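Next come the chains, spelled out residue by residue.
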Amino acid sequence: MFVISTIVIYKSKYGSTKQYAEWIAEELNCKVLDAKNIGISDILHYNTIIYGGGLYAETIAGVTLLTKNRDKLKDKKLIVFTTGITPIDCRDYYDKLVIKKNFGSISLSDFKIYNFPGKMVTSELSFVHRTAIKTLKKIMSDKDNPTEMEKLLIELCDADGDFTDKRLIKELVQYARS
Ligand SMILES: Cc1cc2nc3c(=O)[nH]c(=O)nc-3n(C[C@H](O)[C@H](O)[C@H](O)COP(=O)(O)O)c2cc1C
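Source: prediction; values computed, not measured.

## Details of helix H5 (residues 148-156)
Piece 1. Listed in full, the buried residues belonging to H5 are Glu 150, Leu 152, Ile 154 and Leu 156.
Piece 2. The elements touched by buried residues of H5 are strand E7 (119-120) and helix H4 (127-141).

## Some details on the layout of surface pockets
Piece 1. Counted as a void, the largest pocket has a volume near 630 Å³.
Piece 2. Taken together, 29 residues line the largest pocket, and the ones lying closest to its centre are Leu 55, Tyr 56, Ala 57, Ile 85 and Ile 133.
Piece 3. Of all elements in the fold, only helix H1 (16-28), strand E3 (48-56), strand E5 (77-84), helix H3 (91-103), E7, H4 and H5 reach the threshold of two or more residues within the lining of the largest pocket.
Piece 4. When residues in the lining of the largest pocket are grouped by element, the largest group, four residues, is from H4.
Piece 5. Of the residues contributing to the lining of the largest pocket, the split by class is 14 nonpolar, ten polar and five charged.
Piece 6. Structurally, the lining of the largest pocket is a two-domain feature, drawing no fewer than three residues from each of domain 1 (6-120 + 161-177) and domain 2 (122-159).

## Considering the site of the ligand
Piece 1. In the region of the ligand, 22 residues are neighbours, and Ser 12, Ser 16, Thr 17, Leu 55 and Lys 119 sit closest.
Piece 2. In the model, an oxygen atom of the ligand is placed 2.7 Å from a nitrogen or oxygen of the Lys 13 main chain.
Piece 3. Thr 83 is positioned with one of its side-chain polar atoms (N or O) 3.2 Å from an oxygen atom of the ligand.
Piece 4. In isolation the ligand has 640 Å² of accessible area, and contact with the protein removes 92% of it.
Piece 5. At a threshold of 2 Å from the grid points, most atoms of the ligand map onto the largest pocket.
Piece 6. For the shell around the ligand, the elements supplying multiple residues, two or more each, are H1, E3, E5, E7 and H4.
Piece 7. Ranked by residue count, the leading element in the shell around the ligand is E3, at three residues.
Piece 8. Looking at the shell around the ligand residue by residue, the classes come out as nine nonpolar, ten polar and three charged.
Piece 9. Both domains that meet at the shell around the ligand, namely domain 1 (6-120 + 161-177) and domain 2 (122-159), each give it at least three residues.

## A look at the domain arrangement of the protein
Piece 1. Taken as a whole, the protein is organised into domain 1 (6-120 + 161-177) and domain 2 (122-159).
Piece 2. A C-alpha centroid distance of 25 Å is found between domain 1 and domain 2.
Piece 3. At the interface, eleven residues of domain 1 touch eleven residues of domain 2.
Piece 4. Taken together, both faces of the contact between domain 1 and domain 2 bury some 940 Å²; the carbon and sulfur share is 73%.
Piece 5. At the junction of domain 1 and domain 2, the tally comes to one salt bridge.
Piece 6. With a closest N to O distance of 3.1 Å, Lys 119 and Glu 124 form a salt bridge.
Piece 7. Remark: the boundary between domain 1 and domain 2 carries three residue pairs in polar contact (both at pLDDT 80 or more).

## What about the pattern of salt bridges?
Piece 1. Counted by the stated rule, this structure contains 13 salt bridges.
Piece 2. Of the charged contacts, one joins Asp 34 and Lys 36 as a salt bridge, the two residues approaching to 3.6 Å between their closest N and O atoms.
Piece 3. The exposure class assigned to Lys 36 is exposed, which follows from its relative accessible area of 68%.
Piece 4. One salt bridge connects Glu 148 with Lys 151, and the closest N-O pair in it is separated by 3.1 Å. Taken together, the positions of Glu 148 and Lys 151, both in helix H5 and three residues apart, correspond to about one turn of that helix.
Piece 5. Under the relative-accessibility criterion, Lys 151 is labelled partly exposed at 39%.

The rules behind these values
Residues numbered from 1 in each chain as written. Predicted model: local features only at pLDDT ≥ 70, side-chain atom pairs only at ≥ 80, totals over all residues. Heavy atoms only, no water. Buried < 20%, exposed > 50% of the residue type's maximum accessible area, 1.4 Å probe, protein only. Helix = DSSP H or I, 4+ residues; strand = E, 2+ residues; numbered from the N terminus. Contact = heavy atoms within 4.5 Å. 1 Å grid on protein atoms, 1.4 Å probe; cavity = no way out; pocket = protein on both sides within 12 Å on 5 of 7 lines; lining within 4 Å. Points joined across faces, edges and corners; volume = space filled by probe spheres on them. Nonpolar A, V, L, I, M, F, W, Y, C, P; charged D, E, K, R; others polar. Domains from an automatic or database assignment. Near = heavy atom within 4 Å. Polar contact = N/O pair within 3.5 Å; in protein donor to acceptor, adjacent residues only side chain to side chain. Areas by Shrake-Rupley, 256 points an atom, 1.4 Å probe, with all protein chains shown as cover. Sits in = over half its atoms within 2 Å of the grid points. Buried area = accessible area lost by both parts, 1.4 Å probe. Salt bridge = Lys/Arg side-chain N within 4 Å of Asp/Glu carboxyl O.

In structure tokens, the structure reads:
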């Protein structure tokens, strides 16, 4: 008998991607695993693979687990979700910058991608991350004629809060079930 099986994998430093992964797995009644504990061979027997990663300088944390193993993942339903502080209606950012950086020349017809708002709570950030955000803000603020994207980045450096929202997983869950 052919059994449909689904797994949710996540890589999360501050917990927002983990939170979405747990919400999705709960809805789909499937297993959820931290990417740090697995390798590609651990997920090959699943039909639907859902991968979530926080965005760090446009990179989807850990997504190379899928992008570097495309040949092994043929015929699977592959779903990727990101969490970040860039508003999810900034489609140019997600559909161009993030896609280009993480998927390069890989055919996007192989993946279904969703973007969710994450969290950035200043008091929780590591020293390195807090310094990186401060430095980025300074570099952008010192520009004479910042672009609209750079102006947004300056604003986002001051983001402080948890913007996760369980209602947003609905479409992903429906697609995973379909
Ligand atoms: C150093 C640093 C870089 C970040 N870069 C981005 C980014 O490029 N785009 C974005 O939307 N959010 C960015 N963020 C915000 C994180 O993606 C957001 O906090 C995310 O929810 C973190 O996921 P996690 O809680 O699962 O670790 C950055 C945060 C830090 C601390």
